[in-house]
Amino acid sequence: MGARNSIVLFFFMLFALSSASPRHKNKYKPCKHLVLYFHETVYNGTNAADATSAIVAAPQGANLTILAPQNYFGNIVIFNDPITLDNNIHSKPVGRAQGFYLYDRKDTITAWFGFSFILNSTDYQGSINFIGPNPVFEKTRDISVVGGSGDFFMHRGIATLTTDAFEGKYFFSLRVDIKFYECW
Amino acid sequence: MGARNSIVLFFFMLFALSSASPRHKNKYKPCKHLVLYFHETVYNGTNAADATSAIVAAPQGANLTILAPQNYFGNIVIFNDPITLDNNIHSKPVGRAQGFYLYDRKDTITAWFGFSFILNSTDYQGSINFIGPNPVFEKTRDISVVGGSGDFFMHRGIATLTTDAFEGKYFFSLRVDIKFYECW
Amino acid sequence: MGARNSIVLFFFMLFALSSASPRHKNKYKPCKHLVLYFHETVYNGTNAADATSAIVAAPQGANLTILAPQNYFGNIVIFNDPITLDNNIHSKPVGRAQGFYLYDRKDTITAWFGFSFILNSTDYQGSINFIGPNPVFEKTRDISVVGGSGDFFMHRGIATLTTDAFEGKYFFSLRVDIKFYECW
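The present account deals with the structure reproduced in this document. Since the model is a prediction, treat every value here as computed from it, not as a measurement. (Residues numbered from 1 in each chain as written. Chains lettered and ligands numbered in written order. Predicted model: local features only at pLDDT ≥ 70, side-chain atom pairs only at ≥ 80, totals over all residues. Heavy atoms only, no water.)

1. So, the overall build of chain A
Part 1 of the argument: Helix and strand counts for chain A stand at one helix and nine strands.
Part 2 of the argument: Ordered by position from the N terminus, the helices and strands of chain A form the series α-β-β-β-β-β-β-β-β-β.
Part 3 of the argument: Contacts in chain A between residues far apart in sequence, at least 24 positions, make up 47% of those at least 6 positions apart. (Helix = DSSP H or I, 4+ residues; strand = E, 2+ residues; numbered from the N terminus. Contact = heavy atoms within 4.5 Å.)

2. A closer look at the interface of chain C and chain B
It is common to give the size of an interface as the accessible area that goes away when the parts come together.
Part 1 of the argument: Opposite the 31 residues of chain C that make contact, chain B presents 43 residues.
Part 2 of the argument: Of the charged contacts in the structure, one is a salt bridge between C:Arg156 and B:Glu182, with a shortest N-O distance of 3.7 Å.
Part 3 of the argument: In the side of chain C that touches chain B, the residues fall into 15 nonpolar, nine polar and seven charged. (Salt bridge = Lys/Arg side-chain N within 4 Å of Asp/Glu carboxyl O. Nonpolar A, V, L, I, M, F, W, Y, C, P; charged D, E, K, R; others polar.)

3. Some points on the pattern of salt bridges
Part 1 of the argument: According to the stated counting rule, one finds 15 salt bridges over all chains in the structure shown.
Part 2 of the argument: Put simply, C:Asp107 and C:Arg105 hold a salt bridge, and the shortest N to O gap is 2.8 Å.
Part 3 of the argument: Through salt bridges with shared partners, a single network forms among A:Arg156, A:Glu182, B:Arg156, B:Glu182, C:Arg156 and C:Glu182.

4. Here's the deal with the state of the cysteines
All names here are of chain B.
Part 1 of the argument: A complete count under the given rule lists three disulfides over all chains for this structure.
Part 2 of the argument: Note on cysteine connectivity: Cys31 is disulfide-linked to Cys183, with sulfurs 2.1 Å apart. Between Cys31 and Cys183 the disulfide shows an S-S torsion of about 90°. By sign, it is right-handed. Placement of the pair is Cys31 in the loop between helix H1 (3-20) and strand S1 (32-41) and Cys183 in the segment after strand S9 (171-182), with a sequence separation of 152 residues.
Part 3 of the argument: For Cys31, a relative accessible area of 42% corresponds to the partly exposed category.
Part 4 of the argument: Overall, Cys183 belongs to the buried group, its relative accessible area being 12%. (Disulfide = S-S within 2.5 Å. Buried < 20%, exposed > 50% of the residue type's maximum accessible area, 1.4 Å probe, protein only.)

5. A short note on the relation of the copies chain A and chain C
Part 1 of the argument: Each copy of the sequence occupies a distinct position, and chain A is placed on chain C by a rotation of 120° and an axial shift of 0.0 Å, giving an RMSD of 0.0 Å. The transformation relating the two chain copies, once decomposed into turn and shift, fits a three-fold axis. Among all residues of chain A, the minimum C-alpha distance to the rotation axis is found for A:Ala57, at 3.4 Å. (Least-squares fit on C-alpha atoms with pLDDT ≥ 70 in both.)

Put into structure tokens, the structure is as follows:
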């Protein structure tokens, strides 16, 4: 094998290696790790008894019972959703997810979240505060854990959101994989 | 007293001790500590001259001068309230509390806050940024201090909210006990 | 020169020195530094094709195509703006600024921001999450970087906003000077 081929092979392997591993590999180990689910039913004008969230703001021309026409751009939703340990909405809740999100893109669905988990179970007591973007069509989306109280006093970390289930436009379940890297 | 009884007594005392102290005792000492008050008058349609906040979003069927029927669920309020050093609304302001909160529960009153203190006094110059849940009927509520500028450059900590006073639905004063644990 | 005069001179120099330097001089060196621009066109009822943001909430009596009468107090705006490396809106975008701001003062224009930069360029991949106050008439305004993902995993820092350009009430460009002090 000549020197030229070796060089080509070398660059090919380099490329194969770099594309095999993600660019921003996280080398840190979490000091605490939680996986939780929350389940949301958006109010659509007919489901008042079941709804756990409501559209409270909409762009010009839209209303508060139908998600806005351009990929929901301009809607703000306030929610108070049950949190469970597994992906079964009927499991006993261990807390509530409370806060808001807004839809912020016209040509695809992306959201921005600001909310808290209020946990009240045998294992965990306290709150966890989150903010960050949720581009809902990506398989996983990372938002920031910016603080907390009780068992999560001053904690920071990353929460990875995955859509676990959805039914039409007005029901979804999110899986939240929370890795804390500052634990106190 | 036999050994057996001693052991029972020991465990009883241990239990008594552990239940007497809160589960998540904070063992850290703040590097900076501030107690401030802010005072809010919500616009109700007739108090424009005094109002320091306004309802700007509401769920389907509600309006912007009356807090929403189910424990205010679905309201977003924008505020700009005077901050004082003591609980007297007529004391000289040392800054402004600016931002928003939203009501996020139907069966009781809970809020979620995102706001800043802008301080401009002899003692402190700079901003402090907060987010977190405020379940208003609990005696104390902990939210996160996620950053700041000026005297509070990069600071993190916990702010404990207490309702100091309220009058009807449209006026309240909050006591904010801010403990910084990262000071820079 | 007597001892008395020396002391007076000493205190005078001390005063001159301390007033020459800003009170809260930041002695820290950033571990990463980025300067980016983003450009926003607010929907005003006639510019749907160009608009990158929309008013989605307003106080009682105001509407969603005209900024509210008292220095925009009570408006919430949702945005999705192109980010560029220089202050030319026609430069190739390196990402999107996504989130919201609200106007929170009646007697002057101040805003409060919660948003993310989603960067997707050769140099940077990942998100940066911001919250904080933006008193738009001050030359520079500091908000908090509270977290991030990808290249900005767990980062914290300060972003200094400057108005780079504006045209009437419905178009502006902001310069964002981001200094990270916790880099991971």
